[in-house]
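# Summary of structural features
Residues per chain are reported as follows:
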Amino acid sequence: MQSTDLGNKESGKIWHRKPSPATRDGIIVNIIHNTSDYHPKVLRFLNVAFDGTGDCLIAGDHQGNIYVFDLYGNRFNLVQRTAQACTALAFNLRRKSEFLVALADYSVKCFDTVTKELVSWMRGHESSVFSISVHASGKYAITTSSDTAQLWDLDTFQRKRKLNILQSVGIQKVFFLPLSNTILSCFKDNSIFAWECDTLFCKYQLPAPPESSSILYKVFAVTRDGRILAAGGKSNHLHLWCLEARQLFRIIQMPTKVRAIRHLEFLPDSFDAGSNQVLGVLSQDGIMRFINIQTCKLLFEIGSLDEGISSSAISPHGRYIASIMENGSLNIYSVQALTQEINKPPPPLVKVIEDLPKNKLSSSDLKRKVTSGRVQQPAKSRESKIQTRILKQDLTGDFESKKNELPDGLNKKRLQILLKGYGEYPTKYRMFIWRSLLQLPENHTAFSSLIDKGTHVAFLNLQKKYPIKSRKLLRVLQRTLSALAHWSVIFSDTPYLPLLAFPFVKLFQNNQLICFEVIATLIINWCQHWFEYFPNPPINILSMIENVLAFHDKELLQHFIDHDITSQFFFHHRNNLDINVVIRQVYHLMETTPTDIHPDSMLNVFVALTKGQYPVFNQYPKFIVDYQTQEQERIRNDELDYLRERQTVEDMQAKVDQQRVEDEAWYQKQELLRQAEETRREMLLQEEEKMIQQRQRLAAVKRQLKVKEMHLQDAARRRFLKLQQDQREMELRRLDDEIGRKVYMRDQEIAATARDLEMRQLELESQKRLYEKNLTENQEAVAKEMRADADAYRRKVDLEEHMFHKLIEAGETQSQKTQKVIKENLAKAEQACLNTDWQIQSLHKQKCDDLQRNKCYQEVAKLLRENRRKEIEIINAMVEEEAKKWKEAEGKELRLRSAKKASALSDASRKWFLKQEINAAVEHAENPCHKEEPRFQNEQEDLSCLPRTSQLNDSSEMDPSTQISLNRRAVEWDTTGQNLIEKVRNLRQRLTARARHRCQTPHLLAA
């Protein structure tokens, strides 16, 4: 079986040697499609279809690559890349170069295989199209999906009709009947209708299948004449319908291992006039069985359980079967090879007994024949003798011509004349002529079985004995010798076989089958009786040669005998000769050698290799060869055991040597390590001595540096102490100046505040007197001016009071800020003093006594606590004073509010009094004689009703005394503030004196 990988090629040959399908499988070629990308993968074929001639087929894979395979021209071409999987194909259109392909996007496209261009694009399906049926004329096509079927005009590529059905009733298949104008539609409910193609008129409906056969039709097939319909489904039953009688006429039961039928197709025959009798049934196990629907016999089958078939297509003339395998490859079968045993003619009734080919034909041989009846003797008449003689001449000529005839129209007699005339055949036809002369059968299957056995053990190490430069030539020679050894055991022990086969291997290295058959034919015919005395030289052949030599050249033979040179010497010692001279001498010897010693008397005629299987070669002493083979096998096994033991010993010796080398290396390493350790120890001692000397020098340098550093530190310390003392004195002077300035500013502010208060009081008094004067003078005349003046007075008084309070608050805020600044400066001075003490103490830490340091620390801590206590007292006093001030401010606020209320009541009483006076004046003007006592009574009553107003007036008259109390309290607050400031000043002076005393103490200790 030949296999072709399309790979990335767009065109090429389908097979590279003439296919010879075997009877058992009938496979012409197996086509696969493997990509050679970075990640190789197999592209699976999905659909296949034949054209109208049956010699071309089209196939598409799952990536949308469409290939056309020309089986007659042995070519394949990539005609389209659709980039999506194809679901159905049709290649039997009216225009032979066009084909239809249904794609995964539910569309149908028409392409041209020659121009590789898109012809038309047909849309309309809403689900995948799984069937395309083309009319016999190629004018119409039906595309079928699960929900609809559509009829297309392939001339205009327009849709003519659309079959709409209920969703509950699905479509199984819609297709044209061959050689008719009828459309057959099959549905999932087993209903089958026939329609007229032109009018779409329903011609008939097939009756329902019998109830006893519960089968749902899924696949259908029709004979070429359109008379028989085969239907099958998920069952092992087949229904055969006669479409003319419109009835079911046969039910065929498949074998029990068939549980479901996946595909049906009739096998055409050239001599059945379309009434096909052989039906191909593809079942669920991947095997397609071909049965005769009349005799119900299984004829042959393709596929197997290991290599199952998924779908198939049969060519219209019935020569090829294209099957897509479950592994995605494409197999093309020869129907002729599959039906060879079926169509084999019966054996002849008349058989002829022939004598050996070397004997000449006689008249009696031609007259007597064994037939199925009795043997008849010819008559003795003269006429019969003449006829018999003529018959003898004719039969002899026919026999001779038949004997000299060769395959492919060649004639042996003419080839012999050509060879003798030119000494060789033409180079261009030499291989072809010799293949015909040797009548090579080209048994591919038998040779493959020999090759599959692998390399023979006798030739595993062939390259050692025969070092050939070409690896390919060596590999072909090894395979050929191995095939010969597998064919016959004796060739595995023949030492000169490589030398004998090498010229033929070099000549036929591109065709190993021909090479093997040429060598086998040479051994069978030209090496006869060579191996009868094996393993000794062929004594019989050499004796024959001695006889020929004795006849033609006795002196040379006697010379060889005198020098003890036998024929076996030449068998073991080869000489280089001119082959042309040898051939001419051989021809001369063949012509002049007598018959009794001629080689033809001992050798048989030429026998070609049998077709199908190679003949058994057993012309050798089998027991000797078997014994020698057994001995060689035993020797080989012993040698293998010896080699294994020697390898084990060598491995052990290698391990021992390696261990010894490792031990020596380890000892050398240890010695080197010891020497290195001693060297390092000496170096370390020297380095330690140098290090001690360097440390001594370094210690001396350190002492000098330390003394120098102490002197420098002492000088720096004195300079730093002097600088610190100067800074401290400067800071104290600055603090004293600041304190004095703050105190002076405070005194000035307090005096200014007091003067402002006195001025404000005087202004208030003058304003009050002026107001009372104006009020007394103008009380009766201008009430409105009095009220306006009173309001202005009140606003002015409120403003002045507000300004007074603001002034008091500003003074308090300024005092607080001053105290805060004083406290911050005091804290900074104290912190600077403490930092200075710490720095001084840290510089002289080594020279000061621990007790003195503790005492100093305790004094400093005591001073700090005293300072904090004093500060807390000052802060508490200030807080108390602040509280008192807030209370005083609240009291003044209350008094201010009561004064405002009294003023308001006074204004109201004045308004009421003026109103009463005006009313009384008006009444008096109107009635001068009226008594006025009631008015005075009302006045008294009204006056008695206003006690609070008089009280408020009295209180308003007491405002100067209130102002005097306020001034007194302000003076007391100023006195208290001055006392506190004086205490703070005294505390700071004491702290400064103590700090100076501490600064002088280290100088005394240092002195």
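The structure contained in this document is the topic of the report that follows. Nothing here was measured: the structure is a model prediction, and the numbers come from that model.

## Some remarks on a nonpolar patch on the surface
- On the surface, Leu577, Ile579, Val582, Ile583, Val586, Tyr587 and Met590 cluster together to form a nonpolar patch covering roughly 630 Å² of accessible area.
- On the secondary structure map, valine 586 appears in helix α14 (residues 579-592).
- Residue valine 586 is classed as partly exposed on the basis of its relative accessible area, which comes to 38%.

## Overview of the sheet that holds strand β24 (residues 261-267)
- What the four strands build is an open sheet, ordered β24-β25-β26-β27; its pairing is antiparallel. Edge positions in the sheet fall to β24 and β27 (298-302), since each of these pairs with one other strand and no more. The average undirected angle you get between the axes of adjacent strands in this sheet is 20°.
- The pairing of strand β25 (residues 278-283) with strand β26 (residues 288-292) spans five bridges and is antiparallel. From the neighbouring strand, valine 281 faces β26, where its bridge partner is arginine 289.

## Some thoughts on unusual backbone geometry
- Phi at tyrosine 106 takes a positive value of approximately 70°, unusual for a residue other than glycine.
- Its identity as a non-glycine residue notwithstanding, arginine 246 has a phi of 55°, on the positive side.
- In this structure, arginine 246 sits in the loop between β22 (237-242) and β23 (247-253).
- Accessibility expressed as a relative area gives 40% for arginine 246, which makes it partly exposed.

## Digging into the nonpolar core
- The biggest cluster of nonpolar side chains holds 40 residues, and the ones touching the most others in it are Trp487, Phe491, Phe531, Tyr614 and Phe617.
- At the level of secondary structure, the elements contributing two or more residues to this core comprise α6 (444-452), α8 (471-487), α9 (497-507) and α10 (512-526).
- Phenylalanine 531 has contacts with Ile490, Phe491, Thr494, Tyr496, Ile523, Phe617, Gln619, Tyr620 and Pro621, leaving out every residue within four places of it along the chain.
- The next biggest cluster of nonpolar side chains, apart from the first, holds 22 residues, and it includes Val29, Phe76, Leu78 and Ile332.

## Concerning helix α11 (residues 539-552)
- Given a rise of 1.5 Å per residue, 14 residues ought to cover 20 Å, and the 20 Å separating the end C-alpha atoms of α11 matches this to within 8%.
- Of the residues making up α11, those classed as buried are Asn540, Ile541, Leu542, Met544 and Val548.

How each quantity is defined
- Residues numbered from 1 in each chain as written.
- Predicted model: local features only at pLDDT ≥ 70, side-chain atom pairs only at ≥ 80, totals over all residues.
- Heavy atoms only, no water.
- Patch = residues over 30% accessible without salt bridge, like charges linked within 9 Å, V, L, I, M, F, W, Y side chains within 5 Å.
- Areas by Shrake-Rupley, 256 points an atom, 1.4 Å probe, with all protein chains shown as cover.
- Salt bridge = Lys/Arg side-chain N within 4 Å of Asp/Glu carboxyl O.
- Helix = DSSP H or I, 4+ residues; strand = E, 2+ residues; numbered from the N terminus.
- Buried < 20%, exposed > 50% of the residue type's maximum accessible area, 1.4 Å probe, protein only.
- Pairing = 2+ DSSP bridges.
- Axes fitted to C-alpha atoms, helices over the stretch in contact; angles between N-to-C directions.
- Core = buried A, V, L, I, M, F, W, Y, C linked by side-chain atoms within 4.5 Å.
- Contact = heavy atoms within 4.5 Å.
- Expected span 1.5 Å × (residues − 1).

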